[in-house]
Protein chains: 2
Amino acid sequence: MPKFEFDRTGFKTDGRDQFMISGEFHYFRVPAGDWKRRMELFKAAGGNCLATYVPWLIHEPEEGRIVFGDVPNRDLVRFLETAKEVGLQVTLRPGPYQYSELVNDGLPDWLLTGYPEVLAQNIHGEVFRESSVSYLHPLFLEKARKYYRAFAEAVRPYMGDPVTMLQVDNELAGIHVWFGSLDYHPVTMGQGTENGRYPCFLKKKYGTIAALNEAYALNVSSWAEVMPIASGDKSDAAVCRRLQDYYDFYCGTLAEYSCLLTAWLREDGLYAPICHNSANPTMNSMFTETVEAMGEGFLLGSDHYYTLNQMWKQNNPTPQYGIHVYYSMEMMRLMGMPPSVLEMPGGTPADTPPILPEDLLACYMTNLAMGMKGCNYYIYTGGPNFPGTGNTAGIYDYNAHVHADGSLNPTYESLKTFGKFCESHSWMQRGSRRGSAVIGFEWKSTRSADVEYAGQVFTRTDCWEFARLGLMYTMMCSDMAPELVNLDGALDLFRPLIVPCPSVMSAKVQRALIDFAEQGGQLLLLGTLPDLDEEFRPCTLLREYLGSPELKKPFRTGAVVNYAPCGDVYNMTPLHTVEALPEGAEALLTAPRSGQLLGFKKGNVRFMAVKWLMNTFDQPAMLEQLLREMGAVPCVRSSNRNIFTALWEDDKGNRLTMVMNLYSSPQTTEITVYGRNGEVLRTEQLKLAAMEVRVL
Amino acid sequence: MPKFEFDRTGFKTDGRDQFMISGEFHYFRVPAGDWKRRMELFKAAGGNCLATYVPWLIHEPEEGRIVFGDVPNRDLVRFLETAKEVGLQVTLRPGPYQYSELVNDGLPDWLLTGYPEVLAQNIHGEVFRESSVSYLHPLFLEKARKYYRAFAEAVRPYMGDPVTMLQVDNELAGIHVWFGSLDYHPVTMGQGTENGRYPCFLKKKYGTIAALNEAYALNVSSWAEVMPIASGDKSDAAVCRRLQDYYDFYCGTLAEYSCLLTAWLREDGLYAPICHNSANPTMNSMFTETVEAMGEGFLLGSDHYYTLNQMWKQNNPTPQYGIHVYYSMEMMRLMGMPPSVLEMPGGTPADTPPILPEDLLACYMTNLAMGMKGCNYYIYTGGPNFPGTGNTAGIYDYNAHVHADGSLNPTYESLKTFGKFCESHSWMQRGSRRGSAVIGFEWKSTRSADVEYAGQVFTRTDCWEFARLGLMYTMMCSDMAPELVNLDGALDLFRPLIVPCPSVMSAKVQRALIDFAEQGGQLLLLGTLPDLDEEFRPCTLLREYLGSPELKKPFRTGAVVNYAPCGDVYNMTPLHTVEALPEGAEALLTAPRSGQLLGFKKGNVRFMAVKWLMNTFDQPAMLEQLLREMGAVPCVRSSNRNIFTALWEDDKGNRLTMVMNLYSSPQTTEITVYGRNGEVLRTEQLKLAAMEVRVL
């Protein structure tokens, strides 16, 4: 029986449901004499797996001299044997990149100074960062391949025991997008040639030069003449197509790179599931191509820090963080894998803000509440940096659960409390978070920030922000729990479907929504009615289905709407007034000052031409009313709407409710838990401390 | 004896030192039958003053029909009489603008729909917001003058008792800068004419057309030909001068407007100090012209919210907020007035994030610690919105200390606790926060964000960010308390002066620093050495004084520096390497990897070509060492550097230390308080709850 496995619902060890609880443990930092003790401490706290980078810059200090095991902090084999002895699984992360607050993000100096031609280039052909390479540059791959081979040699005997997973590279795309540019390296991307990657992508998408010329408003006669652009007049659809295509192409190269690294590992006889870590929730959807290309058995996880320094959005886990990790894990679930936080905060490289025990436990419990099935603490324990390799400290303490010097951080208790909870609730691996209604989205709408067609009423970026900070947050403040679905997948006809609608929506999804309505599904459309498809060409299928209502720019409607069953609802932003009711429709939403129409109901479809940011409690009250009318059943009511909840169940009768006070001061609330038919299962008064997550 | 007075140090009531503790109390919202009780509750909680807007849109609902007293919620006189009876002073805020979550920001509908010509215009001549006027538009002034006159009529008998202060307009400039543009209304600003405001400003600054042509790289022959620009090629100094001049000109119009409104009040016989509220700390320095023009006796305060909705930087007071309000109040102190928080959070218009009692008390105590001498709670209590005027709610509850329905919010206790503390510590009105070393800045460097000369090594914007998030934050984490000074004012030779140096620094200030050094002052320069003056013309006085060291762009120095007495210090950003030591200088700071020089000491001047964001504790450790060498004396040491402290003293032997845990979880620390000669006065172990400010 395989020691470690996973499917779309969860993880198993030796056939038993078990949370993957991993701890980042760098053999190249932690003093070797203390490995065993710290590993045992981790196991005692409920851990079952360790993870470590295998830093290229440490193992190949000069080109051609690849060293494993000459000194304790390069002794990967000893590390694996110790883990095996203690009984912990291991995930190895051989890179090439590690980041990890290492010099050159973990790449060897000789590579960057000796072969600067491998560095990524911006649209002007300029290198924009000293240690950001072009992933698929043949010379880079040549050098990396040798390292991977040596790595494989060293670890092959340990595959399966204790090594049960391998990560390819690290936080892909970060080295480019965080430093101002995608990669436009001509050698890698092949623009200006007939058969380079970029022209091949274009050929595959457009088929003929004529089709490309039409799409791009160009007049080229060969694929080699098509050059990418990085900016332009965004009121020009052709410009937007070119920008969007390049972005999709770039994401495709991440997929190709991931597959290539995987192929190397297989060629060298290393068989274990492959994983990769999206750097943060906002980047998850850059990996849709990678997930598809890597196929079944690939684990895309996400990294869920709440703070790494004073510039972050918060110093501690907050409801905003809760929503951030929520959609992140919903995305991973929808991609077909057990949601995994491949970098769960274990500490921080900064001393300020501090990582405090109560905050950390709240973070873990919140991630669990929002969908987590496995995690890897970054980091569990550190030590002195390998000489000459640390970028942020001499000693990589990270304020981790076990300090660099081996002493226990008070946060170790948080680790242990959480570990024990996961152990005693392994049923959650097969369980799921109940949702009252489903929010639908398109994958590409969640990665559109750089590609907006000017003049849209509701850009995909603004619409996705509304989906998160408006709709999801509002549902979190209501007794109607949300669930997400990607609209090009299967839709559940038995629960209301809420779709924040941007101006740009693919024909495929517009048709899917029409089908949903035709089959009797309860559909709530919010925002605008799309008028363009994903190629920025006119597409008004959904509008026409609803009778082609005339939508006008709102004039002096104010930020308040009236929804008759509830009255006035404030802090809303009308996007349109509806000039006349479509045939067969009735009024649904009006602007109280002017009496203008802002939304209508036509059969089982409701349309409200509004967006909002969650602000005042009249908003979730309205949503509760609307959703009840659409047949939704509440999950958990918190009388104090600022307390988030999550109801977990499996098909064997297990149930629990998690109640989250993600604020800095105590709060009280009354919790009502509902059954699947809306019957009250329990009611409870709770006093919650600051940063407390209570489990009922 | 005047009932209410203030000088640069603090407030007095009837000759006694007393914190100004004011509460926003809208007679147009609070039910009149409950005014007295709620006023008494405020007095019982330590309040001594009320404040209210006098909303134009409520008192002049149709043009020409100005109504006071027809209904209880328009009965300003009854409100004043009630306040007088209860024994509370009153600040009246007649506008014209109020904001206050009122429709049209408090302006009457008929004004905006009937006279759209008064609306502010962007550079293209377009109206950019329905309710943003051009403050000095003659037609707007004409309409507002009538309202002011009627207001004066109504309140004149109450001047002095209970009305002791008047605010002109509200959060000036917000209606423009928050909506994307300064005001370029040609009728108001007069561009394109010979004698309009803008050409007059230019005449005053440049004197001759020739001088203007030289500065602006133009070839005009009359003042009327000079048009403002709102954008341009910022690598062109002439463009930057034009942008910066217009910004300064615009700030000058705020001064003119404030003086005009004040003149109206005086003409109508209303004599009381005038105040105005900068919308937030970042906008304080937009009012330097206003402060100068209004002269002695004018009170510029600032509004210090920590959150008003989910989009704010934090859900509760944080150290970052602490630094934000710190520099804000230092600025007000340096402008010559008792630092006043004219809108101190009393609640929020949003229901999420919630305003919690512990957070609120921590907020008040933090503002006190950081310099506050007076405050006005926004709001203390509210009620139903005057029909048709509310923009965010039907009932303006604001989650205030006393709810709209009259019930006590748990936050009332926070109000009371703080009120009692202020009452029993009135000596702090004459006291001051002790500083170990002084941070110097130029006023215009704190408002440069829109006017950056491209190609600078260290823009004023980045430098000011370093001053706040690097230097101030680092000092807050050290035992060396900061104090600010504006470098065009008097400098204290007896304490070290630390100057974050941008590329642009006026000749006046460069000379002031040279004088300071010549007189033996200990000077620490951080960042770059200026090479331009405030007109973007070459000015290297300071560089030359230090021997014109050759500064080069750093290459692969890494983010770590070596300061010999401390060793390696991480997470630093070198801006230059120093190619050779100037004559008479010694090495001070090096890049450990390359050995390159990053800073030197020449006599009593130290220069370090670095900036940083406060990140790891080696940074404050280095600063403590440096400052000790420069003769600074520590104030308070917190063993846990994430706990901020403030040491308050007066010249009568009163002293207290405030210890702030502005995090969401408990922390412990050991506090050591030092006397003026560095002697240990006391040591204490403290366990602090989340959001606790302890006073020793």
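Residues numbered from 1 in each chain as written. Chains lettered and ligands numbered in written order. Predicted model: local features only at pLDDT ≥ 70, side-chain atom pairs only at ≥ 80, totals over all residues. Heavy atoms only, no water.

(A) Geometry of the overall build of chain A. Counting secondary structure elements, chain A contains 18 helices and 33 strands. In terms of overall dimensions, chain A is globule-like: its C-alpha atoms have a radius of gyration of 26 Å, near the 26 Å expected for 696 residues. Going through the 696 residues of chain A one by one, you find that 66% of them count as buried. Restricting the contact set of chain A to residue pairs at least 6 apart, pairs at least 24 apart contribute 72%. As displayed, chain A has an accessible area near 22600 Å², and 51% of this comes from carbon and sulfur atoms. Charged side chains of chain A number 62 positive and 80 negative; the gap between the two group centres comes to 3 Å. (Helix = DSSP H or I, 4+ residues; strand = E, 2+ residues; numbered from the N terminus. Rg over C-alpha atoms; globule rule 2.2 N^0.38 Å. Buried < 20%, exposed > 50% of the residue type's maximum accessible area, 1.4 Å probe, protein only. Contact = heavy atoms within 4.5 Å. Areas by Shrake-Rupley, 256 points an atom, 1.4 Å probe, with all protein chains shown as cover. Lys, Arg positive; Asp, Glu negative; His and termini not counted. Charge placed at Lys NZ, Arg CZ, Asp CG, Glu CD.)

(B) Up close: the relation of the copies chain B and chain A. Mapping chain B onto chain A calls for a screw motion: a turn of 180 degrees about the axis and a shift of 0.0 Å along it, with 0.0 Å RMSD after fitting. The symmetry that links the two subunits is that of a two-fold axis. Across chain B, the rotation axis passes nearest the C-alpha of serine 664 of chain B, at a separation of 2.1 Å. With an isologous cut-off of 70% or more, the 100% of interface residues of chain B that recur at the interface of chain A puts this contact in the isologous class. (Least-squares fit on C-alpha atoms with pLDDT ≥ 70 in both.)

(C) Representation of the environment of glycine 232 of chain A in the model. Here glycine 232 of chain A lies in the loop between α9 (209-216) and α10 (237-267). Here the alpha-carbon distance between glycine 232 of chain A and methionine 658 of chain A, two residues 426 residues apart in the chain, equals 48 Å.

(D) Structural detail: the state of the cysteines. Residues and elements named next belong to chain A. Following the criterion strictly, the structure yields zero disulfides over all chains and no others. With no disulfide of its own, cysteine 49 has cysteine 275 as its nearest cysteine by sulfur position, at a separation of 9.2 Å. In this model cysteine 251 remains outside any disulfide bridge; the closest cysteine sulfur is found in cysteine 259, 14 Å from its own. (Disulfide = S-S within 2.5 Å.)

(E) Structural view of the domain arrangement of chain A. Residue and element names in this part refer to chain A. With domains assigned, chain A is organised as domain 1 (4-182 + 245-430), domain 2 (435-629) and domain 3 (636-695). Here the C-alpha centroids of domain 1 and domain 3 sit 33 Å apart. The interface is formed by 20 residues belonging to domain 1 together with 15 residues belonging to domain 3. Carbon and sulfur atoms supply 81% of the area buried between domain 1 and domain 3, which totals about 1600 Å² over both sides. Counting the contacts that link domain 1 with domain 3 gives zero salt bridges. Our count for the domain 1 to domain 3 interface comes out at one residue pair in polar contact (both at pLDDT 80 or more). Looking at the side of domain 1 that touches domain 3, the elements with two or more residues in it are α12 (319-334) and α13 (357-369). Of all the elements, α13 adds the most residues to the side of domain 1 that touches domain 3, at seven residues. (Domains from an automatic or database assignment. Buried area = accessible area lost by both parts, 1.4 Å probe. Salt bridge = Lys/Arg side-chain N within 4 Å of Asp/Glu carboxyl O. Polar contact = N/O pair within 3.5 Å; in protein donor to acceptor, adjacent residues only side chain to side chain.)

(F) Up close: the interface of chain B and chain A. With 51 residues of chain B at the contact, the number on the chain A side is 51 residues. Taken over both partners, the interface formed by chain B and chain A buries close to 4200 Å², and the fraction arising from carbon and sulfur atoms is 45%. It is Gln310, Arg556 and Ser664 of chain B that lose the most area in chain B upon contact with chain A, and together they represent 16% of the buried surface on that side. Viewed at the interface, chain A and chain B are joined by zero salt bridges. Viewed at the interface, chain A and chain B are joined by 36 residue pairs in polar contact (both at pLDDT 80 or more). Listing elements by their share of the side of chain B that touches chain A, those giving two or more residues are α4 (109-114), α12 (319-334), α13 (357-369) and α15 (460-476) of chain B. Broken down by element, the side of chain B that touches chain A gets its largest block of residues, three residues, from α15 of chain B. The residue makeup of the side of chain B that touches chain A, split by class, is 21 nonpolar, 21 polar and nine charged. (Nonpolar A, V, L, I, M, F, W, Y, C, P; charged D, E, K, R; others polar.)

(G) Expanded view of the packing of α9 of chain A against α10 of chain A. Residue and element names in this part refer to chain A. Orientation of α9 relative to α10, taken along the N-to-C sense of each, is 115 degrees, at an axis distance of 7 Å. In contact with Glu214, Ala215 and Tyr216 of α9, α10 contributes Ala238, Arg241, Arg242 and Asp245. Residue composition of the contact of α9 with α10, grouped by class: three nonpolar, no polar and four charged. (Axes fitted to C-alpha atoms, helices over the stretch in contact; angles between N-to-C directions.)

(H) Just the pairing of strand β10 (residues 340-345) of chain B, in detail. Residue and element names in this part refer to chain B. Counting buried positions along β10 gives six out of six residues, so the element sits mostly inside the fold. For strand β9 (residues 299-303) and β10, the ladder comprises two bridges, and the chain directions are parallel. Its bridge partner lying in β10, serine 302 is registered against valine 341. The β-α-β motif built from β9, the intervening α12 and the parallel element β10 has right-handed crossover chirality. The pairing of β10 with strand β11 (residues 374-381) spans four bridges and is classified as parallel. Of the residues in β11, the one forming a bridge with serine 340 is glycine 374. This β-α-β element, β10 to α13 to β11, shows right-handed connectivity. (Pairing = 2+ DSSP bridges. Right-handed = clockwise from strand over helix to strand, strands pointing away.)

(I) A look at the pairing of strand β20 (residues 560-563) of chain B. Residues and elements named next belong to chain B. Here four bridges tie β20 to strand β21 (residues 567-570), and the two strands are oriented antiparallel to one another. Across the sheet, the residue bridging to tyrosine 563 is glycine 567, located in β21. Linkage of β20 to β21, two consecutive antiparallel strands, is achieved through a turn of three residues.

(J) View of the packing of helix α5 (residues 138-155) of chain A against α10 of chain A. Residues and elements named next belong to chain A. For the pair α5 and α10, the least separation of the axes is 10 Å and the interaxial angle reads 40 degrees. Considering only the axes of α5 and α10, their crossing is right-handed. Residue-level contacts link Phe140, Leu141, Ala144, Arg145, Tyr148 and Phe151 of α5 to Tyr257, Leu260, Leu261, Trp264, Leu265 and Glu267 of α10. By residue class, the composition of the contact of α5 with α10 is 10 nonpolar, no polar and two charged. (Left-handed = near helix turned anticlockwise from the far one by under 90°.)

(K) Quick look at helix α14 (residues 411-424) of chain A. All names here are of chain A. Compared with the 20 Å implied by 1.5 Å per residue over 14 residues, the 20 Å span of α14 between its first and last C-alpha is a close match. Where α14 is concerned, the buried positions are Thr411, Tyr412, Ser414, Leu415, Phe418, Gly419, Phe421 and Cys422. On the buried face of α14, the contacting elements are β4 (20-25), α1 (35-44), α13, β11 (374-381), β30 (655-661) and β33 (692-695). (Expected span 1.5 Å × (residues − 1).)

(L) Representation of the sheet that holds strand β10 (residues 340-345) of chain A in the model. Read around the closed barrel, the eight strands follow the order β4-β5-β6-β7-β8-β9-β10-β11 (chain A); overall the barrel is parallel. Strand-to-strand twist of the sheet, defined as the mean angle between neighbouring strand axes without regard to direction, takes the value 30 degrees.

(M) Molecular detail of the side chain of histidine 26 of chain B. All names here are of chain B. Position of histidine 26 among the secondary structure elements: in the loop between β4 (20-25) and α1 (35-44). Looking at histidine 26, its side chain comes within polar contact range of the side chain of glutamate 24, at 2.8 Å. Non-local contacts of histidine 26, meaning those with residues more than four positions away in its chain, are made with Thr52, Tyr53, Ser100, Tyr378, Ile379, Thr381 and Tyr396.

(N) Spotlight on unusual backbone geometry. Between tyrosine 378 of chain A and the following residue, isoleucine 379 of chain A, the backbone shows a cis peptide bond with an omega angle of -10 degrees. Structurally, isoleucine 379 of chain A is set in strand β11. The peptide bond linking aspartate 161 of chain B to proline 162 of chain B adopts the cis configuration, its omega dihedral lying at 5 degrees. Structurally, proline 162 of chain B is set in the loop between α5 (138-155) and β7 (163-168).

(O) Up close: helix α8 (residues 197-206) of chain B. Residue and element names in this part refer to chain B. Listed as buried for α8 are Tyr198, Pro199, Leu202 and Tyr206. The arc that holds every buried residue of α8, seen down its axis, measures 95 degrees, which confines them to one face. Looking at the buried residues of α8, the elements they touch are α7 (186-189), α9 (209-216) and α10 (237-267). Immediately downstream of α8, the backbone of glycine 207 shows phi near 80 degrees, a positive value. (Arc of directions from axis to C-beta.)

(P) Summary view of the sheet that holds strand β32 (residues 680-688) of chain B. Residue and element names in this part refer to chain B. Pairing within the open sheet is antiparallel, and its three strands lie in the order β28-β31-β32. Single-partner strands in this sheet number two, and they are β28 (636-638) and β32. On average, adjacent strands in this sheet sit at an angle of 15 degrees to one another, irrespective of strand direction. Here β28 runs beside strand β31 (residues 667-674); their pairing, made up of three bridges, is antiparallel. Paired with serine 638 across the strands is isoleucine 671, a residue of β31.

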